[in-house]
Amino acid sequence: MLKDRYNRTHNYLRISLTDNCNLRCFYCMPEEDYAFMPNQQLMQKDEIVSLAKIFILNGVNKIRLTGGEPLVRKDAGIIIRALGELGVELTITTNATRVHHFIDDFEAAGIRSVNISLDTLQSEKFNLITRRNQFQTVMDNIRLLLNRNFKVKVNVVVVKGLNDQEINDFIAWTATEDIHVRFIEFMPFDGNQWKSDKLVTWQEMLATIGAEYEIMVADNAPNDTSKNYRINGHRGSFAVISTMSAPFCSTCNRIRLTADGKIKNCLFSQEETDLLLALRKGEDVLKLIDQSLQLKHQELGGQFSKDFNKIDTNELHNRSMIAIGG
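What you see is a predicted model, and the numbers here were worked out from it, not measured in a lab.

Caption draft 1: A look at the nonpolar core. Counting residues in each nonpolar core, the largest one holds 75 residues, and the members touching the most others are Phe55, Phe106 and Phe183. The element contributing the most residues to this core is helix H5 (residues 135-147), with 6 residues. Counting residues in each nonpolar core, the second largest holds 14 residues, with Val159, Met244, Cys249 and Leu267 among its members.

Caption draft 2: Local environment of the side chain of Thr91. Mapped onto the fold, Thr91 is located in strand S3 (residues 89-94). Classification of Thr91 by relative accessible area gives buried; the value is 1%. Within the local environment of Thr91, its side chain forms a polar contact with the side chain of Arg64, the two groups lying 3.3 Å apart. For Thr91, the residues in contact, after removing those within four places along its chain, are Lys62, Ile63, Arg64, Leu65, Ile111 and Ser113.

Caption draft 3: Representation of the packing of helix H1 (residues 45-57) against helix H2 (residues 76-84) within the structure. Remark: H1 packs on H2, axes separated minimally by 10 Å, with the N-to-C direction vectors making an angle of 25°. The angle between H1 and H2 falls in the class roughly parallel. Like other packed secondary-structure pairs, H1 and H2 cross with a definite hand, here right-handed. Only Ile78, Ile79, Ala82 and Leu83 of H2 make contact with H1, whose side of the interface consists of Lys45, Ile48, Val49 and Ala52. Residue composition of the contact of H1 with H2, by class: 7 nonpolar, no polar and 1 charged.

Caption draft 4: Representation of the pairing of strand S1 (residues 12-16). With respect to burial, S1 is a largely interior element, 5 of its 5 residues being buried. As paired strands, S1 and strand S2 (residues 62-66) are joined by 5 bridges and run parallel to one another. Bridge pairing in S2 links Leu13 to Ile63.

About the criteria used
Residues numbered from 1 in each chain as written. Predicted model: local features only at pLDDT ≥ 70, side-chain atom pairs only at ≥ 80, totals over all residues. Heavy atoms only, no water. Core = buried A, V, L, I, M, F, W, Y, C linked by side-chain atoms within 4.5 Å. Buried < 20%, exposed > 50% of the residue type's maximum accessible area, 1.4 Å probe, protein only. Helix = DSSP H or I, 4+ residues; strand = E, 2+ residues; numbered from the N terminus. Polar contact = N/O pair within 3.5 Å; in protein donor to acceptor, adjacent residues only side chain to side chain. Contact = heavy atoms within 4.5 Å. Axes fitted to C-alpha atoms, helices over the stretch in contact; angles between N-to-C directions. Parallel < 35°, antiparallel > 145°, perpendicular 65-115°, else oblique. Left-handed = near helix turned anticlockwise from the far one by under 90°. Nonpolar A, V, L, I, M, F, W, Y, C, P; charged D, E, K, R; others polar. Pairing = 2+ DSSP bridges.

It is worth stressing that arrangement in space is one thing and function is another; only the former is reported here.
See below:
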């Protein structure tokens, strides 16, 4: 088992397939003209599988594929099918613009749950946030997934003054659709223009929802990052991921592998360990994984405290979200 010095067991691996994306969301990507990693710098298909096997042999039983946008990678379908043969729970986070090209690969690999990043239900605002005209494609692909009996989770990064007025529009969506909407507190990353006054907290979100609906607390799994809720009579459900106002670091079971093969022991950690180079040199990768986990901080990557009002983004050292893989 993979344990850190705080006795947290890590059985969930998030693998970024690429830092490339076909959208340009400001909170994820620092600028329109972004210098993506060259192909030779990325983990290749066999290297991804080899590293995944090392983690699986040491207790990992769930893998999530992320990006950038994982489905812009040309061999994404081949990678998905190869990982599907490893006998662990396989899931994916996508912006859903290319799901229709890969849904058969999802089914062949045993993927049954898909997370969709969607921050607005308004097509004009979608164009503003993503700088791309893909709203209808995303909505069509969500319908495709639902029709093919996938569990669909919709990730909504809530930013004050941008989409916080849509919170109850998403809740209304769950009345008729069997979707799980997850509202995510806006988090600071390199170049994403984060300020504390743009943060809508978990408590503020619940107050907004509670003004129109009677909220029912739902069950949470032991390592859930989300606080789950239901509205009586709704087919779907919702949750809040309270990274900033109520961190869940004490139960963290996640490890991240960037597209260039660096292990990040926390979303906010500035430390990285190059597993890909070690794999290519034939070195002991497991030793490096363990060393990385022993350096994991107790909370928030050791970069800031729970008092988000005192965060100075100029003092944070991390990649942009698109280069981490979420």
